Amino acid sequence: MKKTKIDQIRNIGIMAHIDAGKTTVTERILYYTGKSHKLGEVHDGEAVMDWMVDEQERGITITSAVTTCQWKDKIIQVIDTPGHVDFTIEVERSLRVLDGAIGVFCAVGGVEPQSETVWRQADKYHVPRIAFVNKLDRIGADYMNTIRMMEEKLHAKPLIIQIPVGIEERFRGVVDLVRMKQITWDDESLGAAYTISDISKDMLEEAESYRDLLIERVSDHDDAIMETYLAEEPVSEDALMAAIRTATIGLHLVPVLCGSALKNKGIQPLLDAIGSYLPSPLDVPPPHGTHPDSGEPVAFEPKDSEPLSALIFKVSMIEGRKMAFARIYSGKLKEGEDVFNPGLKRKEKLSRILKIHANKRERIDETGAGSIVGVMGLKDSSTGDTLCTTTHPILLERMDFYEPVISIAVEPKTVTDQDKLQSVLEKFVAEDPTLKVRVDEDTGQTLLSGMGELHLEIIISRMQREFNTEVNVGKPQVVYRETLAKTVTANSVFDRDVAGQKHFGEVALKLVPQDRGAGVSFRSEVGQDQIPEVYIASIKKGVMDSFDSGILMGYPVVDVEAVLVGGSFREGLGSDLAYKVSASMAVREALETGESFLLEPIMAVEIFVPDAFMGEVIGDLNSRGGKVEAITPKSGIQTIHATVSLSKMFGYSTAIRSATQGRGTFTMQFSHFDKAAGKKI
């Protein structure tokens, strides 16, 4: 296998709002790079990257898919991510390991809600981006308005490097402002053939105006370009491209290209831009790592000769076998070798290394820095774990995962299904960190918690299709939280014989309500003379364990600070067990006297509705106790921004379709927890 130079690798993700055309863009990339030999269409259920049956039936991306292709001298490793808010974790963990990204925007819809979410995620991980404004052939397409929305909503600094030739049904090509050439696609060849020519006279003045603007923007970030520009000398193509690349990698500018993926226009220049402007693994700083024992910072250069550092960003349980997706930051992975997981402090053996193309796999012997591969044979390692060597250990920063907000009860239909259900659920939980399973101690029900109705619907569907496990599904339940209304103090004593030995511990705790979103915390105000320091950790554990389950309905307690304010100690009788149990009893007593109440998840909802149906939609929102915060008009479509409790949003997709004759859409994501209105205990 021919060795790829690391500076020619591009690890990129394609991200956008649902239905902006991400998967179609990816399919065109695969076709024009020769990776696939026919165009897969999302609406026909034939997209290569949407290979799961649920994805094909619904026409949406559910799981991020990985593939590798080659364009000219660049190796492009692509991750196509979902656009639906229920699968945000797929975007999050993909961006964590990528060097660059393409934000795809619909020229009609502009910057839509989920576009903002994925853009913020890319900001969080400092991922350089280029933007592709898609669907310029659609009625209502507005290229410049989309760019204005990028500035207003995303606070991005778009750099226009292409302008469209024609718009809507007249869209036929683009003007490349860097090379000052016009590119026109041939419809007969499915866009594979295109013509590069001089700019037509009717476009020349507009192109020159936008090129001046381009050079002016770039000159703000490049002194050499600035000097040339001020001297009114021509800026060379190479110098301009180098300056754009530096500004893009430095997160100062976002080059903007345009086209219509469905009509096969604009993809080849996008591939050129990936190679020209997005970073290689050498252009981005190595990830933050620490020594697992000392906690000191550790970093390895992105070279094969350096010690191994790799991050597992996803685990897949397709066909029941565990495959880990890993990004190699430095060093080499070799088939059959042992690797070290510093988080678990144990060795694992690599049985196979696989090059991935959607759901197809190619076995390889070894791989080096910069690559994204599938790894088989890891028994215990999971999402967010680091792989390294025992001689040069490094612990890479773990990922943040979202807490689930909705639950359903699942029970097996038959005895056979009962035997399988537990192991099937374990496989799904290993694959998806936003999925949680717990057994309700009071009812004995198995509760499955996830990010939304669609998320859980897909899991149930996959249970039936992939594992042949049939389940009955109970009504969705909201995952509540519990908290305190007032500051309260409680004292508890544990004084008894356990296994023939006397144990004593007395703890006095003060529980103080905190602001929403503050979480739970513990601090001690007692001195060594009251309770020896050695028992404080046990008291803290007892407190934190008690916060896992409140007194009202057993939901976690949040937004409370526990302060250890007193207690006592008897020489020779104190024990970790006594203080832990005593702390736990004090918390329960305080919660019972502190006027505990429920908090429910409040969702930020954005509803897109034609003008004619505004009254019905707002009336329905009011009936659900929703609070309308803003209404933004946009060419015949109104965007309603509202907050609504999740418990009132079940079945809303059906309700809005009925109220708007199928023309209204909405997106919903968790906003915050707030006091549950009228919830009976």
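Structure first, text after, so check above.
In what follows, the accompanying structure is described. Everything numeric in this text was worked out from a predicted model, so none of it was measured. (Residues numbered from 1 in each chain as written. Predicted model: local features only at pLDDT ≥ 70, side-chain atom pairs only at ≥ 80, totals over all residues. Heavy atoms only, no water.)

Helix and strand counts for the protein chain stand at 15 helices and 38 strands. Looking at the protein chain as a whole, 54% of its 681 residues qualify as buried. In the protein chain, 72% of the contacts between residues at least 6 apart in sequence involve partners at least 24 apart. Counting only carbon and sulfur atoms, one obtains 48% of the accessible surface of the protein chain, whose full area is about 29,700 Å². (Helix = DSSP H or I, 4+ residues; strand = E, 2+ residues; numbered from the N terminus. Buried < 20%, exposed > 50% of the residue type's maximum accessible area, 1.4 Å probe, protein only. Contact = heavy atoms within 4.5 Å. Areas by Shrake-Rupley, 256 points an atom, 1.4 Å probe, with all protein chains shown as cover.)

On to the pairing of strand 19 (residues 352–357), then. Where strand 19 and strand 22 (residues 372–376) come together, three bridges link them in antiparallel fashion. Bridged to Leu354 within strand 22 is Gly374. (Pairing = 2+ DSSP bridges.)

Turning our eyes to something else, we now look at the environment of Gln162. With respect to the helices, strands and loops of the structure, Gln162 is situated in strand 7 (residues 162–165). Taking the C-alpha atoms as reference points, Gln162 and Gln182, 20 residues apart in sequence, are found 9.5 Å from one another. The contacts of Gln162, once residues within four sequence positions are left out, are Tyr143, Val174, Val175, Asp176, Leu177, Val256, Leu257, Cys258 and Pro269. Among the polar contacts made by the side chain of Gln162, one reaches the main-chain amide nitrogen of Cys258 at a distance of 3.0 Å. (Polar contact = N/O pair within 3.5 Å; in protein donor to acceptor, adjacent residues only side chain to side chain.)

Turning to the sheet that holds strand 31 (residues 488–498), a few remarks are in order. In space, the four strands of this open sheet follow the order 31-32-34-33, with mixed pairing throughout. At either end of the open sheet lies a strand with only one pairing partner, and these are strand 31 and strand 33 (520–524). When strand polarity is set aside, the average angle formed by the axes of neighbouring strands in this sheet is 25 degrees. In the sheet, strand 32 (residues 501–513) pairs with strand 34 (residues 560–568) via eight bridges, with the strands oriented antiparallel. Within the sheet, the bridge partner assigned to Glu506 lies in strand 34 and is Ser568. Each of strand 32, strand 33 and strand 34 is contacted by helix 12 (residues 536–547), which is oriented at about 155 degrees to strand 33, the strand it contacts most. Along the sheet, helix 13 (residues 576–593) makes contact with strand 31, strand 32 and strand 34, crossing strand 32 at roughly 35 degrees. (Axes fitted to C-alpha atoms, helices over the stretch in contact; angles between N-to-C directions.)

Before going further, it helps to spend a moment on the pattern of salt bridges. Summed over all chains, the structure comprises 24 salt bridges. Note that Lys72 and Asp272 form a salt bridge whose closest N and O atoms lie 2.8 Å from each other. Placement of the pair is Lys72 in the loop between strand 2 (65–71) and strand 3 (74–80) and Asp272 in helix 9 (residues 267–277), with a sequence separation of 200 residues. Since its relative accessible area comes to 57%, Lys72 is described here as exposed. (Salt bridge = Lys/Arg side-chain N within 4 Å of Asp/Glu carboxyl O.)

This brings us to the sheet that holds strand 12 (residues 289–290). Pairing in this open sheet of three strands is antiparallel, and the strands run 13-12-24 from one edge to the other. What marks the edges here is a single partner per strand, and that holds for strand 13 (297–298) and strand 24 (395–396). Pairing of strand 12 with strand 24, which is carried by two bridges, proceeds in the antiparallel orientation. Following the sheet pairing, Gly289 is matched in strand 24 by Leu396.

Here we come to the side chain of Gln77. Positionally, Gln77 belongs in strand 3. Here Gly370 takes part through its backbone oxygen, which lies 3.0 Å from a polar atom of the side chain of Gln77. Those residues within four positions of Gln77 in sequence are excluded, and the remaining contacts are Ile9, Arg10, Asn11, Ile12, Thr67, Thr68, Gly370, Ser371 and Ile372.

On to the packing of helix 12 against helix 13, then. Two numbers describe how helix 12 lies on helix 13: the axes approach to 7 Å, and their chain directions differ by 40 degrees. With respect to helix 13, the axis of helix 12 lies oblique. In this structure, the crossing between helix 12 and helix 13 has a hand that is right-handed. Across the interface between the two elements, Ser538, Ile539, Lys541, Gly542, Val543, Asp545, Ser546 and Phe547 from helix 12 touch Asp576, Tyr579, Lys580, Ala583, Ser584, Val587 and Arg588 from helix 13. Grouping the constituent residues of the contact of helix 12 with helix 13 by class yields six nonpolar, four polar and five charged. (Parallel < 35°, antiparallel > 145°, perpendicular 65-115°, else oblique. Left-handed = near helix turned anticlockwise from the far one by under 90°. Nonpolar A, V, L, I, M, F, W, Y, C, P; charged D, E, K, R; others polar.)

Note that Ser309 resides in strand 14 (residues 309–316). Apart from residues lying up to four places away in sequence, Ser309 is in contact with Phe300, Arg327, Ile328, Tyr329, Ser330, Leu387 and Ile394.

Counted under the stated rule, the structure contains seven aromatic pairs. Judged by centre distance (5.3 Å) and plane angle (65 degrees), the ring pair of Tyr31 and Tyr32 falls under edge-to-face. For Tyr32, a relative accessible area of 12% translates into the label buried. Members of the aromatic cluster, joined through ring pairs, are Tyr535, Phe569 and Tyr579. Its guanidinium or amino end placed over the ring of Phe325, Lys314 lies 5.4 Å from that ring's centre, counting from NZ or CZ. Over the aromatic face of Phe597 sits the side chain of Lys675, whose NZ or CZ is 4.8 Å from the ring centroid. (Phe/Tyr/Trp six-rings, centres within 6.5 Å; stacked < 30°, edge-to-face > 60°. Lys NZ or Arg CZ within 6 Å of the ring centre and 35° of its normal.)

Take helix 1 (residues 22–32) next. In an α-helix, one turn spans 3.6 residues, which is why side chains three or four residues apart end up on the same side. For helix 1, the tally of buried residues reaches ten of eleven residues, placing the bulk of the element in the interior. Of all the residues in helix 1, the buried ones are Lys22, Thr23, Thr24, Val25, Thr26, Glu27, Arg28, Ile29, Leu30 and Tyr32. Gly34 occupies a position one or two residues after helix 1 and carries a positive phi of about 85 degrees.

This brings us to a negative patch on the surface. Negative charge collects at one region of the surface, where Glu205, Glu208, Asp212, Glu216 and Asp220 lie side by side. A relative accessible area of 58% means that Asp220 is categorised as exposed. (Patch = residues over 30% accessible without salt bridge, like charges linked within 9 Å, V, L, I, M, F, W, Y side chains within 5 Å. Lys, Arg positive; Asp, Glu negative; His and termini not counted. Charge placed at Lys NZ, Arg CZ, Asp CG, Glu CD.)

In the Ramachandran plot, Glu232 falls in the positive-phi region, its phi being about 60 degrees despite a non-glycine side chain. Mapped onto the elements, Glu232 comes out in the loop between helix 7 (223–230) and helix 8 (237–249). You will see that Leu251, though not glycine, has its phi angle at about 65 degrees, which is positive. Within the element layout of this structure, Leu251 appears in the loop between helix 8 and strand 11 (254–258).

Let us now look at helix 10 (residues 415–431). Taking 1.5 Å per residue as the helical rise, helix 10 with its 17 residues ought to reach 24 Å, and the 25 Å between its terminal C-alpha atoms agrees with that figure. Where helix 10 bends most, at Leu421, the angle is about 35 degrees. (Expected span 1.5 Å × (residues − 1). Bend = angle between axes of the 7 residues up to and from the residue.)

With that settled, the discussion passes to the environment of Leu435. Position of Leu435 among the secondary structure elements: in the loop between helix 10 and strand 26 (436–439). Residue Leu435 is classed as buried on the basis of its relative accessible area of 1%. The spatial distance from the C-alpha of Leu435 to the C-alpha of Ile459 is 9.4 Å, given a sequence separation of 24 residues.

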